[in-house]
Amino acid sequence: MSLRWRRRPEGSTWGDWGPDDEIGRLNLLTPEKVRQGVAEVREGLTFCLSLPLDYPGGNVLNPRRHPPRLTPTVRANGRPNMNFPVCEEVPEATDVISDDVAVLHLQYSTQWDGLCHVGSLFDADGDGAAEPVYYNGFRAGADITGPSAPGDAGAPSRAKALGIERLAERGMQGRGVMIDLRAHLGDARRAVGYDTLQEIIDADGVVVEPGDMVCLHTGFAERLLGMDRAPDPATVHALGAGLDGRDARLLDWITDSGLCALIADNYAVEAYPAGPMRGCCATLPLHEHCLFKLGVNLGELWHLTPLATWLRANGRSRFLLTAPPLRLPGAVGSPTTPIATV
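The following refers to the structure shown. (Residues numbered from 1 in each chain as written. Predicted model: local features only at pLDDT ≥ 70, side-chain atom pairs only at ≥ 80, totals over all residues. Heavy atoms only, no water.)

One finds Ile 179, Leu 216, Trp 253 and Leu 262 to be the most contacted residues of the largest nonpolar core, which totals 45 residues. Within the residue set of this core, elements represented by two or more residues are β11 (173-180), α3 (181-185), α4 (194-204), β13 (213-217), β14 (241-243), α7 (248-257), β15 (261-264) and α8 (285-294). Among the elements that take part in this core, α8 stands out by supplying five residues, more than any other. Among all residues touching Ile 179, those that are not within four sequence positions of it are Leu 197, Ile 200, Ile 201, Val 206, Val 214, Cys 215, Leu 216, His 217 and Trp 253. Leu 167, Met 178, Ala 261 and Ala 323 belong to the second-largest nonpolar core, a separate cluster that totals 27 residues. (Core = buried A, V, L, I, M, F, W, Y, C linked by side-chain atoms within 4.5 Å. Buried < 20%, exposed > 50% of the residue type's maximum accessible area, 1.4 Å probe, protein only. Helix = DSSP H or I, 4+ residues; strand = E, 2+ residues; numbered from the N terminus. Contact = heavy atoms within 4.5 Å.)

Restricting attention to buried positions, one finds in helix α9 (residues 305-313) the residues Thr 305, Leu 307, Ala 308, Trp 310 and Leu 311. After α9 finishes, the residue Gly 315 shows a positive phi value of roughly 65°.

With respect to the secondary-structure elements, Thr 341 resides in strand β19 (residues 339-341). The class for Thr 341 is buried, based on a relative accessible area of 14%. Along the sequence, Thr 341 and Arg 246 sit 95 residues apart, while their C-alpha atoms lie 34 Å from each other. Contacts of Thr 341, omitting those with residues within four sequence positions, involve Val 41, Gly 44, Leu 45, Thr 46, Phe 319 and Leu 320.

Interaxial distance between α7 and α8 falls to 10 Å at its minimum, and their mutual angle equals 30°. In terms of orientation, α7 lies roughly parallel with respect to α8. Of the two elements, α7 crosses α8, and the hand of that crossing is right-handed. The segment α7 lies against α8, with Leu 251, Ile 254 and Thr 255 engaging Leu 286, His 289, Cys 290 and Leu 294. Split into classes, the residues belonging to the contact of α7 with α8 amount to five nonpolar, two polar and no charged. (Axes fitted to C-alpha atoms, helices over the stretch in contact; angles between N-to-C directions. Parallel < 35°, antiparallel > 145°, perpendicular 65-115°, else oblique. Left-handed = near helix turned anticlockwise from the far one by under 90°. Nonpolar A, V, L, I, M, F, W, Y, C, P; charged D, E, K, R; others polar.)

Contact pair α4 / α7: the axes reach a minimum separation of 8 Å and the direction vectors enclose 50°. With respect to α7, the axis of α4 lies oblique. Contact residues: Tyr 194, Asp 195, Leu 197, Gln 198 and Ile 201 in α4; Arg 249, Leu 250 and Trp 253 in α7. For the contact of α4 with α7, the class distribution of residues is five nonpolar, one polar and two charged.

Along helix α1 (residues 31-39), the residues classified as buried are Lys 33, Gln 36 and Gly 37. Here the buried residues of α1 occupy an arc of 100° about the axis, which is enough to place them on one side. Exposed and oriented more than 90 degrees from the buried face of α1 are Pro 31, Arg 35 and Ala 39. Looking at the buried positions of α1, the neighbouring elements they touch are β11 and β17 (318-322). (Arc of directions from axis to C-beta.)

Coordinates in, geometry out; function isn't part of it.
And the structure:
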């Protein structure tokens, strides 16, 4: 029994890989799964699955997240270090130096969610009082730390456990599997439940096995590219499919499939906002199920359309996927530049 919890959520994987496990179902991303991914490489063609990191543009999708900002570093004399002729400091030097700083909202564009991105109020102690906890019972305030008062918003935060660096250390390379929702459903906004998902899987002959990284193509990111960093709010919020996080059978499928990561080219993988709440429950039910209960990382806003188009044209659904995040200790999420190889 973990010292952090006496009760675990129903249907969760807490403790399945030990009391201190921080990677959840990535434990299923074994060397054999990497070999299976490599075996899918036949043509040697690569696809970049990342949007440019200044997309979608603005803050229509999330008012708290903003595009990257690039500025030069500054030399000792205050001179911006951009197009800097070194001969100003070293006579007869021919070097010209440019060096910059990036301010990034780590989950603005193509990204991974860490397991510490979404937790839940849950009675892990079994004392009748719910407390804020994350996957495998790691605690808010002790393991995931940061300010809470408005006046302290600029103070440091840090995930001492479950940080995004765990994905980087794992490598995030293995077999990817594409489920092409857009080919069957088009671009209209809709919540996809288990029945519809299974119909598409059956129609396309898709097979998902334990340890696979599953990608859901909706066309959302492709449409964002066409908006040239100026997304129209009315269009964006009425666009594309998302999984129905209120569908218990769909959540059971995620559990039973054994997938180790769930990825989509839309904003949240699941339809957001979710359907009507039923009693005391999460506003992001699929995030709760995957990140909090199962330890399944979520990938969002990936650019999947060129890959999905090629796979469909060639009668395939599997590929080698390589998608490490930044190895940034203590972060709860990270940009990624995934590469698919077919």
